[in-house]
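So the chains spell out like this:
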Amino acid sequence: MQLFLAGGFLGSGKTTAIQQACATLLQQSVRVGVVTNDQGTQLVDTGFIKSRGIPVMEVTNGCFCCHFDQLHNRLLALAGSEQPEIIFAESVGSCTDLVATVIKPLKQFEPAINVSLSVFADATAIVPLLKGSRLFRDEVKYIYKKQLDEADVLVVNKTDLLDSRQLEEVKQLVKEQYPDKTVLYQCSFDRENIEGWLSVLQDAERNDRKSLQLDYTVYGGGEAALAWFDAELEISSGHSNATDKAHKLIEAIFLHIHQQAFPIGHLKFLLNDGMTYTKISLTSFDLPPLARDAAPEARRVKLLINARVQAQPAQLEEIIRHAVATLQQEHDCRIVETNKQVFQPGFPQPTYRILDEY
């Protein structure tokens with residue numbers, strides 16, 4: 001079995017790449033499975049992958065490194081139930097140090113599994129973040145850079161959002177800072193790009209990886225700088241336009257966060273109208289208006305929200321509460337909120353951490 005571990009910052013496009021890769025492999029009769037991961041318990045990514053008919057399990061309430069035993073158990077469970085040839089495991093976007101805390105322990109427990117590590121970077125964000133943009137706090141940018149440092153394969157994703165001049169600037173910067181890395185430039189909706197990524201991963205298994213030299217105080221500070229908000233909403237409208245109301249709410253949340261100047265790591269929404277599932281993802285590097293699917297209107301929809309924003313949890317909660325209240329008041333609809341979680345991630349405490357001997 002091969003394990004394709006995917007890391008990288010919030011909103012870098014890991015889930016989309018994994019879903020597209022799984023679709024490609026399934027068409028080739030290759031058995032696959034996915035393990036998703038988050039600091040919370042209500043995962044947009046799990047719902048999205050499951051809606052595509054792909055076997056998926058999840059590690060919740062913390063990153064892979066702090067819940068290694070749970071990850072190990074999920075891998076074994078998938079192996080037993082699905083007999084996959086390839087498992088994709090997507091690490092939460094605020095996590096790093098995967099070589100020391102996941103790959104090396106896994107090689108001790110399951111030496112027969114070949115592991116590769118892809119780290120994704122949003123092509124629209126990599127230049128400002130590597131050049132010292134003040135959008136995020138230094139501790140958050142520290143996590144971002146450490147993620148890139150330990151990649152077997154660095155995937156610069158969403159290249160379709162850049163023009164030729166911007167892409168050339170990205171390539172020059174990456175070449176200067178990561179001259180020895182295997183680097184892919186891709187759009188994950190392009191089948192040829194996905195097939196290229198999969199081809200590289202087949203040969204990416206290594207035994208010479210170095211554990212990161214990492215300051216856990218700074219790392220923990222970066223995680224604590226981000227607020228997490230998860231909730232499921234049911235939006236009802238007597239005019240068969242609940243889908244439109246859901247899109248209006250998404251836009252309002254995005255705009256209100258921007259107006260407060262809070263950097264967005266990732267806003268993820270999974271919209272279920274009873275027939276289709278639509279995933280909508282936004283970061284600080286995206287701009288409204290949002291593209292809307294031509295799905296049939298519905299009187300009732302469910303909207304799962306995963307928001308990761310550099311703010312205090314109470315601030316993020318108030319922004320979303322205000323957006324919900326305003327929508328109900330101005331657009332004649334009813335919104336019921338369930339299973340809400342609002343928190344900051346706890347300090348990272350890996351189950352195992354295997355460092356190099358010098």
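Because the structure is a prediction, the values reported are computed rather than measured.

Procedures and definitions
Residues numbered from 1 in each chain as written. Predicted model: local features only at pLDDT ≥ 70, side-chain atom pairs only at ≥ 80, totals over all residues. Heavy atoms only, no water. Helix = DSSP H or I, 4+ residues; strand = E, 2+ residues; numbered from the N terminus. Rg over C-alpha atoms; globule rule 2.2 N^0.38 Å. Buried < 20%, exposed > 50% of the residue type's maximum accessible area, 1.4 Å probe, protein only. Pairing = 2+ DSSP bridges. Axes fitted to C-alpha atoms, helices over the stretch in contact; angles between N-to-C directions. Contact = heavy atoms within 4.5 Å. 1 Å grid on protein atoms, 1.4 Å probe; cavity = no way out; pocket = protein on both sides within 12 Å on 5 of 7 lines; lining within 4 Å. Points joined across faces, edges and corners; volume = space filled by probe spheres on them. Nonpolar A, V, L, I, M, F, W, Y, C, P; charged D, E, K, R; others polar. Phe/Tyr/Trp six-rings, centres within 6.5 Å; stacked < 30°, edge-to-face > 60°. Right-handed = clockwise from strand over helix to strand, strands pointing away. Core = buried A, V, L, I, M, F, W, Y, C linked by side-chain atoms within 4.5 Å.

## Focus: the overall build of the chain
Moving on, step 1. Broken down by element type, the chain carries eleven helices and twelve strands.
Moving on, step 2. Relative to the globule expectation of 21 Å for 358 residues, the C-alpha radius of gyration of the chain, 20 Å, shows essentially globular dimensions.
Moving on, step 3. Each principal axis of the C-alpha distribution contributes one length, and for the chain these read about 65 × 45 × 40 Å.
Moving on, step 4. Expressed as a percentage of the 358 residues in the chain, the buried residues total 56%.

## Concerning the sheet that holds strand 3 (residues 56-59)
Moving on, step 1. With respect to topology, seven strands assemble into an open sheet ordered 3-2-4-1-5-6-7, the strand pairing being parallel. Where the open sheet ends on each side, the last strands, each with one partner, are strand 3 and strand 7 (182-186). Each adjacent strand pair in this sheet contributes to an overall mean axis angle of 25°, direction not counted.
Moving on, step 2. Sheet topology places strand 2 (residues 32-37) next to strand 4 (residues 86-90); four bridges connect them, and they run parallel. In the sheet register, Val32 faces strand 4, and the bridge partner there is Ile86.

## Examining the side chain of Thr159
Moving on, step 1. Examined against the element boundaries, Thr159 turns out to sit in the loop between strand 6 (153-157) and helix 7 (164-177).
Moving on, step 2. Accessibility expressed as a relative area gives 13% for Thr159, which makes it buried.
Moving on, step 3. In this structure, Thr159 is in contact with Ala123, Leu167, Tyr185, Gln186 and Cys187, ignoring residues within four places of it in sequence.

## Brief notes about empty space enclosed by the protein
Moving on, step 1. Enumeration over the complete set of coordinates arrives at two cavities of 30 Å³ or more.
Moving on, step 2. Computed from the structure, the largest cavity encloses a volume of approximately 80 Å³.
Moving on, step 3. Contributing to the lining of the largest cavity are 14 residues, with Phe9, Leu10, Asp122, Ala125 and Phe285 lying nearest its centre.
Moving on, step 4. At the level of elements, strand 5 (114-122) and strand 9 (264-272) are the ones that each hand at least two residues to the lining of the largest cavity.
Moving on, step 5. Classifying every residue of the lining of the largest cavity by side-chain character gives nine nonpolar, four polar and one charged.

## Considering the packing of aromatic side chains
Moving on, step 1. In total, this model carries ten aromatic pairs according to the counting rule given.
Moving on, step 2. Plain terms: the ring middles of Phe68 and Tyr352 are 5.4 Å apart, the flat faces sit at 90° to each other, and that makes the pair edge-to-face. Of this pair, Phe68 sits in helix 3 (residues 68-82) while Tyr352 is found in the segment after strand 12 (334-343), placing the two residues 284 residues apart along the sequence.
Moving on, step 3. Taking the relative accessible area as the measure of exposure, Phe68 reaches 1% and is therefore buried.
Moving on, step 4. You can call Tyr352 partly exposed: its relative accessible area is 31%.
Moving on, step 5. Summarising the aromatic geometry, the rings of Tyr216 and Tyr219 are spaced 5.2 Å apart at their centres and angled 70° between planes, so their arrangement reads as edge-to-face. Residue Tyr216 and its partner Tyr219 are located together in helix 9 (residues 216-224), separated by three residues, close to a single helical turn.
Moving on, step 6. Among the aromatic side chains, those forming a connected cluster through ring pairs are Phe4, Phe88, Phe120 and Trp197.

## Considerations on the sheet that holds strand 11 (residues 300-309)
Moving on, step 1. Strand order in this open sheet of five strands is 10-9-11-8-12, and the pairing throughout is antiparallel. With partners counted over all chains shown, the strands left at the sheet margins are strand 10 (277-282) and strand 12, one partner each. Taking each pair of neighbouring strands and ignoring which way they run, the sheet shows an average axis angle of 15°.
Moving on, step 2. Judged from the eight bridges that link them, strand 9 and strand 11 form a sheet pairing that is antiparallel. In the strand pairing of strand 11, Leu267 is matched with Ala307.
Moving on, step 3. The strands touched by helix 11 (residues 313-331) within the sheet are strand 8 (227-236), strand 11 and strand 12, with strand 12 carrying the most contacts at an inclination of about 175°.

## Points about the pairing of strand 11
Moving on, step 1. Judged by how many residues are buried, strand 11 sits mostly within the fold: eight of ten residues are covered.
Moving on, step 2. Alignment of strand 8 against strand 11, held across ten bridges, turns out to be antiparallel. Looking at the pairing, Glu234 lines up with Lys302 of strand 11.

## Regarding the pairing of strand 7
Moving on, step 1. Across five bridges, the pairing between strand 6 and strand 7 is parallel. Opposite Val153, over in strand 7, you have Thr182 as the bridge partner.
Moving on, step 2. Handedness of the strand 6-helix 7-strand 7 crossover: right-handed.

## Section: the nonpolar core
Taken as a class, soluble globular proteins show a tendency for nonpolar side chains to be buried jointly.
Moving on, step 1. Ranked by internal contacts, the top residues of the largest apolar core, which has 55 residues, are Val35, Ile126 and Leu148.
Moving on, step 2. Top contributing element to this core by residue count: helix 4 (residues 98-109), with five residues.
Moving on, step 3. Those residues within four positions of Val35 in sequence are excluded, and the remaining contacts are Met57, Glu58, Val59, Phe64, Leu71, Arg74, Leu75, Leu78, Ile87, Phe88, Ala89 and Glu90.
Moving on, step 4. Counting 34 residues, the second largest nonpolar core, distinct from the first, contains Ala227, Ile235, Ile280 and Leu303.

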